[in-house]
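Report on the structure
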Amino acid sequence: YSHYAPDLHGESFPPQAHPGAPWVDEVQQTVSVNLRLNNRPLHGRPYFVHQAGVYQRDGLYTNVPFWGPSLAGHCGGNSCSFASWGTHAHVPTPFTSPVLFLTRYTNCGRGVIEMTQAVHNFASPESAGPNVDQNYFNVGWGGVRTGTLPIALEKKGAGGNETTLSYADPKDVHTLGQCPWSASQGRQDQMVDLNKTPGYTSFVTPGLLVDGAAPPELPCRKNAVPCSADNGATCMVDSCSDADVDAGTHTRLSLRVEAGASPNCRDHFGMTFAKNGVTYPIIKCHLRDAGFGRNTARFCEPWSRVGFRRNDTGAVLEVATVKHWSWRWQDEDIFFAVYEEDLDEAIAASNSFFDNANGTSRLDVEVVLLSSDAMAPPDDYDPGATESAFTYVYGRGGSYASVNPDTGHVAGSSRRRLGTSDRDYTVFTVNWLAGAKVGPGETYVNRGYVFASELGAVESIGDELVENVYVDKIQEVDYDGRRIDLYTSGGNFVAVPSSYAKGRSTECASSSASLACSGSSVPRPNAAALFYVTCGERTHVGFDPYGLAPDFEGDFPGHAPPGGTVRAYACRDGDASSRPTWRLLGFFRRDDAGCGKLTNATYVGTVCESPSSSPTSDPSWSPSLSPVTPAAESSDTKPLSQSPSHSPSETRSTESPSKEPRSNPTASSPSSSPSSGLQSEGPSQSGRSSTRLSSAPATTEPLNSPIESAQLTGSGEGTPSSYKPLRERIH
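None of these values were measured; they are calculated from a predicted model.

Overview of the overall build of the protein
Within the protein, the secondary structure is distributed over six helices and 39 strands. Counting over 731 residues, the protein shows a buried share of 57%. The contacts of the protein with a sequence gap of at least 6 include a subset with a gap of at least 24, amounting to 71%. As displayed, the protein offers around 28800 Å² of accessible surface, 48% of which is attributable to carbon and sulfur atoms.

See the structure below:
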């Protein structure tokens, strides 16, 4: 939710200004969609699984925000990893979610952060089918603070034939269009396949001067299709030519105030528009003829200055934005904001400027461009040194089969899309689509980068990093994780992972505890995600994360019947404010009777402690979904080892410890609100796992700082080409 570049532009990410969705939209996250179910007739509801959380749209159930439950977290060295259960954003919903999201952030130095995203489908293989498959993704969904970084920049060309990034001459700047998000679809500069990009996009501070803006085009009505309530959008086009107007096929919308009339400016339902960190109220005024249908204004050049000019006096009122040139065919309103922060002052200024009450003829109003500093830059203008940028590095899509059939190994293709919003937020996302699929047991991994730098360094850093973007599709057999054992004593139990990567042994010091069942920290064939769920005093151990949720007349990973509601965020026997908590125990066999006996057990972190040991905090461990070359697996449940331990009288071991180095996960404290530092959070009612990233230059880590440096080939700093694929280097 936060990226801070202290020596450059400060905060890169947008403020939390979405009503009813704090830390749900204006964040960096992954999103998963089932297109077969999304807004389809059977249920007629959206199917969008957010990593971040839900919109507060389910009455009393969501009066308190509910964020994607944090299942595990681990920080070590210069990396932090988080696992969370994806939740349906559009609630109430009839759908369940089989999606596990994993994100790893690594500080690589030089302002560069490696961002690895993974999407795992933990539905059982026998449930495979269109109702559980995930087939459209945002990897990820994010964006920048428009007021801080208003100008999108991307060098021209693609596929290794790019030109040099141009920004020094205001008349030749490689800008991208920044129409509103709702109008960005279909604009080639705003939504484009990755193989038609240089592999990275930058957002630049407002001191960059750009000359060459054009006045926003006014929309037109199709004369053959009169606008009505039934065709309010289809009767309109975004623009038309003078020839179309002369031929009588179209009528262009024009701005005017009738003789003897006032524009009747007024509030528009409290809507606002943010620019350069300042929020302005949206107002609506009678400034057009009736008969025009729905149209979203294309204000696509944030560097431009636009005004409304009275043709009788030549006076100009500068406007911050136009939201809609028209909306309802019955009225005469346009919707816009002027540079007045107070609503009453904005209304008064606009009513006064456009007043024609004493006029005897129609007042015509023209949309005009105003002059800017870009027309005459100062002699010492050097944006490469004075301006900074935040850059997303996503690659050219070479890993996708439909983009590069010769070398692509992941079905589907990928594109990037951007667009502005009414909030202080420019949306940026990368989609995996068109053949994309993550079925039960499968995992999609995407490694990209973000970095903050001076504008003059963008091209050299971006070109270096783009070659290290990595995308893969992983099956259960590709993993080799560490063993996890569940030990029980009375009605209590604890999960004990092996203390080292790929470890096949665990230790339990208590003589009263017994081994219940064994699993793995990673997905495996014939194994499924096992959860520990609590609701007040009730507990549940099982493969259904909805085990204590209100009954929805269905079974996970199936969904509710038409008209039904699935509420992951409520307790079956609680009121609307009750919240479950979750812990991911690991991946275990469904037919293991030992696990089945723990259904109502309580997780107690001291189960395996020796009676003479001092109390310790509940251990927290991070299941790794990062694959390596498959290795021989141990059986799921093994007898206790007879090999001696370090303290034979106190410690029991499932196997002899190997000599592999220890890599102990760290514990983390629960929290109910986003943290101010880079950390993971344990189970809580909110379940929020939050991240604040800093681009402060590292002093000891090279640019290609790996997650496990011993797995790298090559020897020098600043050589990202020495990265191995994730399969080979991460356990």
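Now, onward.
Overview of the packing of aromatic side chains
For the structure shown, the criterion picks out 29 aromatic pairs. The interplanar angle of 85 degrees and the centroid separation of 5.7 Å between the aromatic rings of Phe 13 and Phe 390 together place this pair among those described as edge-to-face. Residue Phe 13 is found in the loop between β2 (10-11) and β3 (29-33), and its partner Phe 390 is found in strand β25 (residues 388-393); the two are separated by 377 residues along the sequence. Grouping residues by exposure puts Phe 13 and Phe 390 together as buried. Centre to centre, the rings of Trp 141 and Trp 181 are 5.4 Å apart; their planes meet at 80 degrees, and the pair counts as edge-to-face.

Quick notes on a negative patch on the surface
There is a patch of like negative charges on the surface, built from Glu 341, Asp 342, Asp 344 and Glu 345. Assignment of secondary structure puts Glu 345 in helix α2 (residues 343-354). Accessibility expressed as a relative area gives 45% for Glu 345, which makes it partly exposed.

Focus on the pairing of strand β18 (residues 266-275)
Summarising the sheet, β18 and strand β19 (residues 278-286) pair through six bridges and their orientation is antiparallel. Across the sheet, Lys 275 pairs through a bridge with Val 278, a residue of β19. As consecutive antiparallel partners, β18 and β19 are separated by two residues, and within that stretch Asn 276 has a phi angle of approximately 50 degrees, a positive value.

As for the nonpolar core
Within the largest apolar cluster, 35 residues are counted, with the highest numbers of intra-cluster contacts made by Phe 137, Phe 203, Phe 390, Tyr 392, Phe 428, Trp 432 and Tyr 444. Breaking this core down by element, the ones donating at least two residues are β6 (79-85), β8 (99-109), β9 (112-121), β10 (136-144), β25, β27 (426-433) and β28 (443-454). Here Phe 203 is in contact with Val 144, Leu 149, Ile 151, Ala 152, Ser 388, Ala 389, Phe 390, Tyr 392, Leu 418, Thr 426 and Phe 428, once residues within four sequence places are set aside.

Points about the sheet that holds β10
If you trace the seven strands from one edge of the open sheet to the other, you get β7-β4-β3-β10-β27-β26-β12, paired in antiparallel fashion. Two strands close off the open sheet at either side, each with one partner strand: β7 (87-88) and β12 (191-193). Two strands pair when backbone bridges link them, and strand β26 (residues 413-420) and β27 are joined in this way by eight bridges, in the antiparallel orientation. Of the residues in β27, the one forming a bridge with Arg 416 is Val 430.

Definitions and cut-offs
- Residues numbered from 1 in each chain as written.
- Predicted model: local features only at pLDDT ≥ 70, side-chain atom pairs only at ≥ 80, totals over all residues.
- Heavy atoms only, no water.
- Helix = DSSP H or I, 4+ residues; strand = E, 2+ residues; numbered from the N terminus.
- Buried < 20%, exposed > 50% of the residue type's maximum accessible area, 1.4 Å probe, protein only.
- Contact = heavy atoms within 4.5 Å.
- Areas by Shrake-Rupley, 256 points an atom, 1.4 Å probe, with all protein chains shown as cover.
- Phe/Tyr/Trp six-rings, centres within 6.5 Å; stacked < 30°, edge-to-face > 60°.
- Patch = residues over 30% accessible without salt bridge, like charges linked within 9 Å, V, L, I, M, F, W, Y side chains within 5 Å.
- Salt bridge = Lys/Arg side-chain N within 4 Å of Asp/Glu carboxyl O.
- Lys, Arg positive; Asp, Glu negative; His and termini not counted.
- Charge placed at Lys NZ, Arg CZ, Asp CG, Glu CD.
- Pairing = 2+ DSSP bridges.
- Core = buried A, V, L, I, M, F, W, Y, C linked by side-chain atoms within 4.5 Å.

Interpretation in functional terms is not warranted from these geometric data alone.
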